[in-house]
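Secondary and tertiary structure notes
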Amino acid sequence: MTLEDEENTWLLALEAALHDSCDVDTLLNITRGRTLPDEHRQQVWYQCLGGGSKISNFSEFDEVFDLPEQSIIRADCQAIVANLGNAEEDKVSIVSDVESVLSHYCKSRHLQYASHRQWADLLTPLLAAKLSPDRLYVCFEEILEKYIPRESSPGSPIYHLLRLLLLYHDPQLANHLDSLKITPDQYAGPWVRSLFASVCSLDTVMSLWDAYFQERDPFFVIYLALLILVNARDRVLSERSSSAVIQTIISLPGPLSASDAPDFCTLARYYAIRTPNTFRKEYQSSIFGSVYLSGGDGGNSATVTGALPLQQALCLPVAPDELLASTSSSLYPPENSQVGFFVIDCRPVDQFINGHLPNAFHLDSTLMLESLSSFNTALQGLFIAHRQAVEADTPGTGTHLCLVGGGTKEEDQLLHMVAAAMLQQHTAFVSLAKGGYRGIHRALEPDVETELAEHNKEKCRVCSGEDLHPSPSDTPSHSSTTTDKSEVQQSDNTLFNKFSSLSSVFKTKSAEMKGKLVDYITNPSGSDGAHPVIARHASPDDTGDLYRGAGDIFTIGEDDASSKNSGAVERVLLSDLLKKPSTIMAFACHQVRENGYMIPSYLVLTEQGVVLVRCIEGKNKYGDVVASRSLSSIMKITSKKKHPDLITFKYGTTRADGEAVITDMDRFLIPNATRATQAVKELIMRQADDGDNASGMAK
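**Digging into the packing of helix α11 (residues 202-215) against helix α15 (residues 261-272)**
The interhelical angle for the contact between α11 and α15, taken along N-to-C directions, is 35°, at an axis separation of 9 Å. When the axes of α11 and α15 are compared, the crossing they make is right-handed. Listed contacts from α15 to Thr204, Ser207, Leu208, Ala211 and Glu215 of α11 are Ala261, Pro262, Phe264, Cys265 and Arg269. Across the contact of α11 with α15, the residue classes tally to six nonpolar, two polar and two charged.

And the structure:
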């Protein structure tokens, strides 16, 4: 199937689905993040924004335009219509429709209209999509109450969250902005209030919103903002003037074109799946939702879930259930995430030896007070152990660092000092386990004895009742106590079964790595050469902007299994495939489709070549072999300089004159991609050497 055939196929399927009034899930399965054709855009947007199931009260509008700020509303409506370039005879009726939408929303929500809310910017793309007045109101209302933060004034929770995410992914950049006293509300306000409609061209916004509404993620605007910041990090870090940095950041979205939007969203997803999800549960209801829920809190509503207010959070929280699920799923990672944790238990040694997670590494936080030099040595040794654990694919360990404290206010003060020390060294992916050891202990009950290592019921502080003063971040709120408890109980069986299956492996590997850590602390010079240096692969051609001028970087030639395999798709048991004698190595990854969507997969290296196995939703132990590539067909392997885990494999043949002809390509998001690409290159070189040796023997 050619690209043109595939394009025609999905468009025909979309037309049929719209004609049959299919549900939104069916539509999304067809569109899959693609840029929509103009003639179908308004129907797909309407469905994605809940129009198919939402009852509109727009028909109840009394058509009385008597709000105190009515003149301001009318002026803004006239400006919107003037910018769209409609025919003169249509402008009066369109202005009336837009004014009706804004007036009815203000009246029904008892709100005062203000231009700085940027509602006019939100209405502009909706009008360009040619929505009817009734549908226009439904979409406008849904965008405001699902995707726009209730509070967006300076100091609002949404900006504190953006800073925490930046600190998680790029602490050096976050610290630089902090040092200049630059906060996200100084540059990101128009982005989050208008979903970039006020800062990008209309064509760009239309293409961007195509992907945005299909994503159905209120937090997606934060990942888009995060990507903009990280992409411009070199320019920002080179500036020492606060005003210059702010102006630089404000100007960044402007040059985006409509063709850039798919790449822009793909890279934002890259960050989304590499971020812990606990903050979503903690803060979504307090940041997004109907204005009826705000309660007039003035932007400090992020305390309703019982979590620390965002402005007081040192770094991202990770709930016990997410931590346990991630560390127990290293063989079959969660479909929508690539977050694997390296657990660092920072409690005093007398607490650690009486109960801890089997895969936890110990770093005594009291060393910070007793001997700072010893703490720094232990910390550097821990970083070495972390790197080795990741390189060795140790079960239950990942690139993300999760610090575990005792879960009490006094102990968490030292824990925060450890986290701050890591962040000051620009250590990325640092998070705190919500509730600390106490929260983990509670989540594992009643199977604590089997799921914790070295658990001593008599000396464990939680079991003995000594741990009586939980940290504020671990105190359930009145609104979440019952639901949290029931959710923990409901997930117990599944979570415990997954965790216990790897407990013995964790204990063995943990002991092995701890031995290496002790060796390092006694010999910090590492002169034995046991600690490899991780090399980053990047093509010299990939020096440009990540989403400007990227051309067809994310245009995969053929995505169907039939384009890579001539026969039927083969379903395999993953454990059997990985144990085959011909299998050399396997890497969990996400295949990047032509529309930017990512499919959980495995890249399996064999003696003959590279095999792509897609994970099957709901059947974690099985996969479909959808592609098999010979080593000789791999012409080039490239990666982005600033995102080395996004890898492109280019395939083709070599002509008689030695020129490579590229005929197809695959793109993957591979954690620790350097190991994967290096392994492939070594296989290719080995095959070439074997060929040379065979030729020499023949002669």
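**Let's talk about the pattern of salt bridges**
Scanning the entire structure with this criterion turns up 19 salt bridges. Between Asp178 and Arg163 there is a salt bridge; the shortest N-O distance is 2.7 Å. On the criterion of sequence distance, the pair formed by Asp178 in helix α9 (residues 171-179) and Arg163 in helix α8 (residues 157-169) is long-range, its members being 15 residues apart. On the accessibility criterion, Asp178 (30% relative accessible area) is partly exposed. With its nearest N and O atoms 3.2 Å apart, the salt bridge here joins Asp664 to Arg629. In this pair, Asp664 is assigned in strand β13 (residues 660-669) and Arg629 in strand β10 (residues 619-630), connecting sequence segments 35 residues apart. We classify Asp664 as buried; its relative accessible area is 11%. With a relative accessible area of 14%, Arg629 lands in the buried category. Ionic contacts of the salt-bridge type, sharing partners, join the residues Asp38, Arg41 and Asp210 into one network.

**Comments concerning the sheet that holds strand β3 (residues 361-362)**
The parallel open sheet is built from five strands, whose spatial order is β1-β5-β4-β2-β3. In this open sheet, the two edge strands, each paired with only one partner strand, are β1 (316-318) and β3. The sheet contact formed by strand β2 (residues 341-345) and β3 spans two bridges and is parallel. Following the sheet pairing, Asp345 is matched in β3 by His362.

**A look at the sheet that holds strand β7 (residues 583-592)**
Overall, antiparallel pairing links the eight strands, which are arranged β6-β10-β9-β8-β7-β13-β12-β11 in an open sheet. Each of the sheet's edge strands pairs with one partner strand only, and the pair in question is β6 (570-573) and β11 (634-639). On average, each strand axis in the sheet is tilted by 40° relative to the strand beside it, whichever way the strands run. In this sheet, β10 lies alongside strand β9 (residues 609-616) in antiparallel orientation, the contact comprising eight bridges. When the bridges of β10 are listed, Leu612 appears paired with Ala627. Contacting β7, β8 (598-606), β12 (646-654) and β13, α15 runs over the sheet at an angle of about 75° to β8.

**Focus: the side chain of His400**
Relative to the helices and strands, His400 is located in strand β4 (residues 400-404). Residue class for His400 comes out buried when judged on its relative accessible area of 0%. Side-chain polar atoms of His400 contact the side chain of Tyr168, separated by 2.5 Å. Every residue in contact with His400, bar those within four places of it in the chain, is listed here: Tyr168, Arg274, Gln338, Val339, Gly340, Phe341, Phe342 and Phe429.

The rules behind these values
- Residues numbered from 1 in each chain as written.
- Predicted model: local features only at pLDDT ≥ 70, side-chain atom pairs only at ≥ 80, totals over all residues.
- Heavy atoms only, no water.
- Axes fitted to C-alpha atoms, helices over the stretch in contact; angles between N-to-C directions.
- Helix = DSSP H or I, 4+ residues; strand = E, 2+ residues; numbered from the N terminus.
- Left-handed = near helix turned anticlockwise from the far one by under 90°.
- Contact = heavy atoms within 4.5 Å.
- Nonpolar A, V, L, I, M, F, W, Y, C, P; charged D, E, K, R; others polar.
- Salt bridge = Lys/Arg side-chain N within 4 Å of Asp/Glu carboxyl O.
- Buried < 20%, exposed > 50% of the residue type's maximum accessible area, 1.4 Å probe, protein only.
- Pairing = 2+ DSSP bridges.
- Polar contact = N/O pair within 3.5 Å; in protein donor to acceptor, adjacent residues only side chain to side chain.

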